Amino acid sequence: MDVSECESRTEEETMELQHFSHPHPLVFFKYQTVASKEVDPEAARCFGCENPLEGGSYGCNQCKFYLHKGCAELELVPRIQHPFHPQHPLTFFPQSPYLGEYVCGLCGGIFWGFVYHCGSCLFDLHINCALLQSSIATNFPNSLHHHPLHFIQNHNEEVERDCSGCQTPLSGPIYHCFDCSYPTFFTLHKKCVEEQPLEINHSCDRKHPLTLLPQRPAHPEKCNCYLCKIQWNGFVYSCSLCNFELSVDDIVSPPTITNASHEHPWMLISKKMSFICDFCGIVGDHSPYLCATCNLVVHKNCISLPRNIRITQHCHVICFSYSFQQNQVEDCMCKICQTEVDTSYGRYCCSASGCDYIAHAHCATNKSIWDGTIIEEGYDEKHGPSNLITDVIEQISIEEIMVASKIKHSYHHHNLRLTFSGEIKDDSQCDGCMRPISNPFYSCEQCKFFLHKNCAELSKEMGHPFHKHALTLTNSRTLVEYSICNACSHWYQGFSYRCYRRGCSLNFDIRCMLMLNTLNHPSHDHSLFLEHNRQRDCSACSGTMEPWSVAYRCMKRCDYTLDVGCATLPLTAWYKYDKHPLTLTYSDESEPSQLYCDLCEKERQPNSWFYYCADCDNSLHLNCALGDLPYMKLGNKIKGTRHRHPLTVVKNIWNCPPCVECRELCNGQALECKETGCNFTVHWDCCWDLTF
């Protein structure tokens, strides 16, 4: 390297940029990579596009704020008139205009960085999607979709979803509907728009032509028939006279299929016939594939069932098996749907010695459970990732077991010392899970930082039944000062597990990460089991769950369902005028005139849960007993509200000041300005409505 090149490199590495999205100067990192010691690897993502950092980047290590060189140098105008949303102009925001993340109207990804936003329609475009170009498609048949479609020649792999027509991953040119919002996106391959005939003749129904339809007319949205269990969505060819339907994939069925997972070829039987698939055990009504050597009849899609997969519902690799022997074990229940597994058909079983995990083929490969990753043969199960304890300074022996008594932890800059039976202040909270601190715990001798021993030892990476991707342990205050849990919908601070897949960004607080597949809740006599993608009403709060959410449901035909927020409610709470703990109570047979809350004095609903003290006859709404911010740490400062100063999380017990916005008393947690002479207190929900 000559002198001029060295001087040029030094000059580049010391460049600074004052970017409009951040208050501090950003330093240029010429040879920045995710592994660089100059940048916190946990936060090593571009705040603009949210892709991992690589190549040249600008960053503020003090705030852990980073931008790709290309994103920092984009010429972004404050307002644009975009063809994706012609109704109103879109306004640029350097981060999500909502309390939490936003969902991009094109790619469906969940983001928190740069966004173009329409406040009237709550329409948002991730910065990469906003830079794409489109044109209106004029010849798309109204029978297949009733909204206009936008043609996008090159989406730069931003849209990582399946085609709404053929249900295969999107690639190449696409058509997209901007009137169909999250979570019901409608996006098609170009070929599914231009090359799919509206009517065909098929050998499976020789009497009538089959008409192309956008969905299955014979199967309503909440249908539970055997065919719907295999997740057949998308366009269908249908004969209404014969009540017969074919998926788009069924139309092009090769006469012979060979697959590495089976030693013999599969031959198509191209006719309408009823059969039970030997691989998944689900009834089929047409065109099976036959292995004459093994005498197996299977669905076309089941031919490609992978041998080895990993799902977040289980800690080991599970393997597909079709050795058809009746299992001698009496209780052979699918660990996912909690119904019986008929072992005369294929199923997934755990590969680990002594583990009896078993699941239906269609349950294990459901898209909400499995991310599509196939484990290669000969895969060696490795030990799980380590925790975030970076150094053990001192150890003690307890019953011949060495225990770390003094540690360094990645999320605190001082040493932490272990306490087994120390005195605990009433308001002390764990900085990991935000629950009240309890023994044993680690604490900092220099500041009010506490960690339960279990929270300090959490793994860096975990799988969890709530989500199909692996999740990474994160301090929720690294990028923002607070987050919303995507499982229970509570605002929180502290540690969380976040999905760093691009466009995913889901995060779960520690309380929810400790939940398992099975829940035994005192509100119900039977065990409750985790269920994905079922739109039901919660039996506790009567709220309707979104179709993509998870919940706990009873499988004993009583249809009792709890959303995660209700399932994680603490069983006891405290009321400032009551010396006894209040118990979570599930029904109230009192007279209607007695159904009120002793704190806010407002009416309670007879079928909604509440907290109750039988000794003092005190009844409180859930929110009144727990407060607005039960998982925010008292004393922490909150920036970015509509107040000119940072606000502090406080707990008002006596002489409560009124909220400056709604003028009601701030009983329990609130936000307070500590600046001299400000005299400002506001509820969490009210602070976003401030007009000054």
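Before reading on, note that the structure itself is shown above.
Since the structure is predicted, the reported quantities are computational estimates derived from the model, not experimental observations.

Trainee: What am I meant to see in the sheet that holds strand β39 (residues 507-509) here?
Mentor: Within a sheet, neighbouring strands are paired by backbone hydrogen bonds and run either parallel or antiparallel to one another. On the basis of which strands lie adjacent, the open sheet formed by 4 strands has the order β34-β35-β38-β39 and antiparallel pairing. Each edge of the sheet is formed by a strand with only one pairing partner; in this case those strands are β34 (461-464) and β39. For this sheet, the mean angle separating the axes of adjacent strands, direction not counted, is 35°. Looking at chain direction, strand β38 (residues 495-498) and β39 are connected through 3 bridges and run antiparallel. Pairing of Arg498 across the sheet is with Asn507, part of β39.

Trainee: Just to check I follow, could you spell out the state of the cysteines for this structure?
Mentor: By definition, a disulfide links the sulfur atoms of two cysteine residues through a covalent bond. Summed over the entire model, instances satisfying the criterion amount to 0 disulfides. Free cysteine: Cys177, not disulfide-bonded; nearest cysteine sulfur from Cys180 at 3.6 Å.

Trainee: Please explain the side chain of His82 as it appears in this structure.
Mentor: For His82, the location among the structural elements is in the loop between β5 (79-80) and β6 (90-93). A polar contact of 3.0 Å, which involves the side chain of His82, links it to the backbone nitrogen of Phe84. For His82, the side chain forms a polar contact with the main-chain oxygen of Ala130, separated by 2.6 Å. Those residues within four positions of His82 in sequence are excluded, and the remaining contacts are Leu90, Leu125, Cys129, Ala130 and Leu132.

Trainee: Would you mind going over the environment of Cys337 with me for this structure?
Mentor: Within the secondary structure, Cys337 sits in the loop between β26 (318-321) and β27 (347-350). Setting aside anything within four residues of it in sequence, one finds Cys337 in contact with His360, Cys363 and Met555.

Trainee: Please clarify how the sheet that holds β6 should be interpreted in this entry.
Mentor: What the 4 strands build is an open sheet, ordered β5-β6-β9-β10; its pairing is antiparallel. Two strands lie at the open edges of the sheet, namely β5 and β10 (123-126), each paired on one side alone. Bridge count for β6 against strand β9 (residues 115-118) is 3 bridges, and the pairing is antiparallel. Each bridged residue has a counterpart across the sheet, and for Phe92 the counterpart in β9 is Tyr116.

Trainee: I would appreciate a short explanation of the packing of aromatic side chains in the present structure.
Mentor: Where two aromatic rings form a pair, the distance of their centres and the angle of their planes describe that pair. Under the definition given, this model contains 24 aromatic pairs. Relative to Phe279, the ring of Trp266 lies with its centre 5.7 Å away and its plane at 85°, an arrangement referred to as edge-to-face. Here the residue Trp266 occupies a position in strand β20 (residues 266-268), and Phe279 occupies one in the loop between β21 (272-276) and β22 (283-286), the gap between them amounting to 13 residues. A relative accessible area of 0% places Trp266 in the buried class. Ring centres of Phe279 and Tyr322 lie 4.7 Å apart, and the angle between their planes is 35°; this geometry places the pair in the tilted category. Highlighted residues: Phe279 in the loop between β21 and β22 and Tyr322 in the loop between β26 and β27, separated in sequence by 43 residues. Its relative accessible area of 3% is what places Phe279 among the buried residues. Of the aromatic side chains, those joined through ring pairs into one cluster are Trp266, Phe279, Phe320, Tyr322 and Tyr348.

Trainee: Explanation requested: a nonpolar patch on the surface in the structure shown.
Mentor: Taken together, Ile396, Ile398 and Phe420 make up a surface patch of nonpolar side chains, about 220 Å² in accessible area. Position of Phe420 among the secondary structure elements: in the loop between β31 (416-419) and β32 (441-444).

Trainee: What am I meant to see in the pattern of salt bridges here?
Mentor: When their charged atoms lie close together, side chains carrying opposite charge are able to pair. In the structure shown here, the tally under the stated rule is 16 salt bridges. For Arg417, the salt bridge is made with Glu394, and the minimal N-O distance between the two is 3.2 Å. Note that Arg417 is positioned in strand β31 and Glu394 in strand β29 (residues 389-398), a separation of 23 residues in sequence. In this structure Arg417 comes out as partly exposed when scored by relative accessible area, which is 28%. Accessibility expressed as a relative area gives 34% for Glu394, which makes it partly exposed. One salt bridge in this structure joins Glu672 and Lys674, with 3.0 Å as the shortest N-O distance. The class of Glu672 is buried, set by a relative accessible area of 18%. One salt-bridge network, in which partners are shared between bridges, spans Glu394, Arg417 and Glu445.

Trainee: What is the right way to read a negative patch on the surface from this model?
Mentor: Negative charge collects at one region of the surface, where Asp628, Glu661, Asp685 and Asp689 lie side by side. Relative to the elements of secondary structure, Glu661 occurs in the loop between β49 (647-652) and β50 (668-673).

Trainee: Looking at this model, I keep getting lost on the side chain of Glu672. Mind explaining?
Mentor: Residue placement: Glu672 occurs in strand β50. Only 3.0 Å separates the side chain of Glu672 from the side chain of Lys674, close enough to count as a polar contact. Apart from residues lying up to four places away in sequence, Glu672 is in contact with Leu647, Thr648, Val650, Asn652, Phe680 and Thr681.

Trainee: Before we go on, may I ask you to explain the pairing of β34 in this structure?
Mentor: Summarising the sheet, β34 and strand β35 (residues 467-475) pair through 3 bridges and their orientation is antiparallel. Its bridge partner lying in β35, His464 is registered against His467. With antiparallel pairing between neighbouring strands as the criterion, β34 and β35 make up a hairpin whose turn holds 2 residues.

Trainee: Would you mind showing me how to read the nonpolar core here?
Mentor: Soluble, globular proteins show a tendency: their nonpolar side chains are buried together. Among the nonpolar cores identified, the biggest contains 69 residues, and Leu451, Phe466, Trp609 and Tyr611 are the most heavily contacted of them. The element best represented in this core is strand β42 (residues 550-554), accounting for 4 residues. Contacts of Trp609, omitting those with residues within four sequence positions, involve His521, Ser523, Ala540, Tyr560, Leu562, Cys566, Leu569, Leu584, Thr585, Tyr586 and Leu622. Within the second largest apolar cluster, 65 residues are counted, among which are Cys49, Ile80, Leu90 and Leu149.

Cut-offs and rules
- Residues numbered from 1 in each chain as written.
- Predicted model: local features only at pLDDT ≥ 70, side-chain atom pairs only at ≥ 80, totals over all residues.
- Heavy atoms only, no water.
- Pairing = 2+ DSSP bridges.
- Helix = DSSP H or I, 4+ residues; strand = E, 2+ residues; numbered from the N terminus.
- Axes fitted to C-alpha atoms, helices over the stretch in contact; angles between N-to-C directions.
- Disulfide = S-S within 2.5 Å.
- Polar contact = N/O pair within 3.5 Å; in protein donor to acceptor, adjacent residues only side chain to side chain.
- Contact = heavy atoms within 4.5 Å.
- Phe/Tyr/Trp six-rings, centres within 6.5 Å; stacked < 30°, edge-to-face > 60°.
- Buried < 20%, exposed > 50% of the residue type's maximum accessible area, 1.4 Å probe, protein only.
- Patch = residues over 30% accessible without salt bridge, like charges linked within 9 Å, V, L, I, M, F, W, Y side chains within 5 Å.
- Areas by Shrake-Rupley, 256 points an atom, 1.4 Å probe, with all protein chains shown as cover.
- Salt bridge = Lys/Arg side-chain N within 4 Å of Asp/Glu carboxyl O.
- Lys, Arg positive; Asp, Glu negative; His and termini not counted.
- Charge placed at Lys NZ, Arg CZ, Asp CG, Glu CD.
- Core = buried A, V, L, I, M, F, W, Y, C linked by side-chain atoms within 4.5 Å.

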